[in-house]
Amino acid sequence: MKNQYRALKCRSRVLLIFFFLLLTVIGVLSLCIGASSISVMDSILALIKDNGMARAIVLNLRLPRVFMAGLIGIGLGTAGAVFQAVLRNPLASPFTLGIGSSAGFGAVVTIIFFNGLVNEYAIVTGAFVFTLLSSFVVLGVSRYKGTTAETMILTGIALMFLFSSLSSFLQYLGTKEEVHGIVFWFFGSLSKAGYKEIILSGTMILVPIPFILRFAFDFNLMTAGDESAGALGVNVPVIRMLSIALASLMTAGAICFTGVIGFIGLVAPHIARMIFGSDHLFLIPASALIGAVLVLAADTLGRTLWLPHIIPIGIVTSFIGVPFFLFLLIRKTKEYW
Amino acid sequence: MIQMKNLDVHYGKTRVLKGIDLRVNKGEIVSVLGPNGVGKTTLLKCLLGMIKPGSGFIKMDDLDILKMSLTQRARFIGYVPQALPSRFPMTVFDAVLMGRKPYVRFVPSGEDLEIVSQVLLSMNLSHLALKEFDRISGGQKQKVLLARAIAQEPCYLILDEPSSNLDVKHQLEVMDMLKTLAAKKNIGIIMAMHSLNLAARFSDRIVMLKSGHMVCNGPPAEVMTCRTIEMVYGILVTINRANGYPYTIPLSPVPVNKINSELLN
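Parameters and conventions
Residues numbered from 1 in each chain as written. Chains lettered and ligands numbered in written order. Predicted model: local features only at pLDDT ≥ 70, side-chain atom pairs only at ≥ 80, totals over all residues. Domains from an automatic or database assignment. Contact = placed C-beta atoms within 7 Å. Helix = DSSP H or I, 4+ residues; strand = E, 2+ residues; numbered from the N terminus. Pairing = 2+ DSSP bridges. Buried ≥ 20, exposed ≤ 12 C-beta atoms within 10 Å, placed from the backbone. Right-handed = clockwise from strand over helix to strand, strands pointing away. Axes fitted to C-alpha atoms, helices over the stretch in contact; angles between N-to-C directions. Parallel < 35°, antiparallel > 145°, perpendicular 65-115°, else oblique. Nonpolar A, V, L, I, M, F, W, Y, C, P; charged D, E, K, R; others polar. Expected span 1.5 Å × (residues − 1). Bend = angle between axes of the 7 residues up to and from the residue.

(A) Main features of the domain arrangement of chain B. Residue and element names in this part refer to chain B. Examined at the domain level, chain B breaks down into domain 1 (2-90 + 153-224) and domain 2 (226-265). Just the C-alpha atoms count here: the centres of domain 1 and domain 2 sit 24 Å apart. Across the boundary between the two partners, domain 1 contributes 14 residues, which contact 10 residues of domain 2. The set of elements that each furnish at least two residues to the side of domain 1 that touches domain 2 consists of α7 (196-202), β9 (205-210), β10 (213-218) and α8 (220-223). If one sorts the elements of the side of domain 1 that touches domain 2 by residue count, α7 sits on top with 4 residues.

Structure follows, in structure tokens:
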């Protein structure tokens, strides 16, 4: 029986390795295709030796983009899995607690009041500050009113409405150019990804992961309800607050440079759950990998399908993500949530 | 030994438990009886440290439970809830493995897996090990929850109406398991019960609550009397004895005029 159980977990481990390999393959593939016609061979060679123009394009344009896409997918996928676990809600995503709309509001504020169109780092800072602000409000309210999943979700939804109306109000006041800039930011784009941005986002996204994995077994217990987890020795309120703080940080890292790429954080954990089941020791890394695969695939399609135009990543993720998700939902054989 | 001393609990301004004094020894089964809303669950939650009493204290082997860490408490006392949320998408093995939480540092070890296997085997649940928890029957679920608490290796076990959702056969099986557990592993068991007859047959002691007060505390044969049950539940009963156990047969609610005349007296 113990061995059968081990075999079951072994299957999950193999699947994780498979998704890691898949991610690597898509990453390499995505390095080889793009607007300029560089051959596959040249693209790969560019990684190891100097072959002029090809190296410049691959190393300076494509490679950072691939890294950024992967990081964002990891960030949103993990954060989504964490929010769904601690809020015990299948609709939870990195944006449930109003994070998406507050980031948007931050961007709008900087574009309109702080000349964000000229200085793009201003937008990033604005989005980041407001992202953290909204999660602090949620955490603050729940500290005062009890850290139940319901309190948090309701506070988050209320904040979401507040921030989107505030954004709309400011857009109403803004000039044509400003509104254009705002709309563009909301689409989401990876075109600004450089190595500096990767280091900053990467730190915010990767550093929390070991801490979150440390909580994975506790998340399993929390699916059985706060009381029964508490009786088994899980400090539910503390774990819930810490996880939300960490996941919010990851979300902020993922969206501050690239805009709101909404769907991944909802759908990656669900796909992972369908394939891996609900053991968070596997579900969390799986959500990270699947998120990365989805963002990377979406971005690669977005910048190659309709050359020479680039379709914004936020739009492509929904275009390919939604049908795929519905397909899985219809095909699934057992209740997985 | 669990010792509750002069326990008072308030929800806002309402006093839910009043001056409860109760001791539970290791190896002993104590059933808490009383109608709905009388404070049974509150009493259990106090024992689990989920509710802090307004006054009085609870000591477990001479340690104040409110001063224990969560993990320490979880090693002392296991809890079998009435039911899990309707969706619990894990295998039975995973569900039982959760009982090892107080001993797990990061991920469950080989030893944890071994203990879970042993528990499942001893409870005849091996064939369910890799089934989804959501897909097994209510009676099996109750047994799995019990298995989880046993994997926790506690000194005391708290159960919230362990028999209420079960058919007759599963009721007897679960009760038998509890009896064996108390006898063989010397675990002290406290359970909230609705069924008077199961409680009378399987408990060493019965405690009855009425509006937060402890009305009686003693062996079933002594405390299960027509008068006590009438007073606690507001029903008229006859009590038969068979195989040494008192069996309660409910007859009718206490007539209103009788209640009124008692109030006047």
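(B) Quick peek at the sheet that holds strand β4 (residues 55-60) of chain B. Residue and element names in this part refer to chain B. Spatial strand order, β2-β1-β4-β5: 4 strands in an open sheet with antiparallel pairing. Every other strand in the sheet has two partners, leaving β2 (14-24) and β5 (63-64) as the edge strands with one partner each. As paired strands, strand β1 (residues 2-11) and β2 are joined by 7 bridges and run antiparallel to one another. Looking at the pairing, Ile2 lines up with Val24 of β2.

(C) Region of interest: the pairing of strand β8 (residues 188-192) of chain B. All names here are of chain B. Among the 5 residues in β8, 5 count as buried, and that is most of the element. With burial as the criterion, each face of β8 is covered, one bearing Gly188, Ile190 and Ala192 and the other bearing Ile189 and Met191. Relative to β8, strand β3 (residues 29-33) runs parallel, the two being bridged by 4 bridges. Within β8, the position partnered with Ile29 by the bridge is Ile189. In this fold, strand β7 (residues 156-160) hands off to helix α6 (residues 168-185), which returns the chain to β8; that crossover is right-handed.

(D) Examining the packing of helix α2 (residues 40-48) of chain A against helix α3 (residues 53-86) of chain A more closely. All names here are of chain A. Two elements in contact, α2 and α3, have axes separated by 8 Å at closest approach and are oriented at 80°. In terms of orientation, α2 lies roughly perpendicular with respect to α3. Each of Asp42, Ser43, Ala46 and Leu47 in α2 lies in contact with α3, whose residues at this interface are Ala54, Arg55, Val58 and Leu59. Each residue belonging to the contact of α2 with α3 can be placed in one class, and the counts come to 5 nonpolar, 1 polar and 2 charged.

(E) Representation of helix α15 (residues 313-331) of chain A within the structure. Residue and element names in this part refer to chain A. With 19 residues, α15 extends 27 Å from end C-alpha to end C-alpha; this agrees with the ideal 27 Å at 1.5 Å per step. Gly321 marks the point of greatest bend in α15, at about 25°, and the proline Pro323 comes within the next four residues. Considered for burial, the residues of α15 that qualify are Ile313, Gly314, Val316, Thr317 and Gly321. On its buried face, α15 is in contact with α7 (176-187), α13 (264-276) and α14 (280-304).

(F) Expanded view of the pairing of β10(B). Residue and element names in this part refer to chain B. With 5 bridges connecting them, β9 and β10 associate as antiparallel partners. Looking at the pairing, Leu209 lines up with Met214 of β10. Hairpin connection, β9 to β10: the antiparallel pair is bridged by 2 residues, and Ser211 has positive phi, about 35°.

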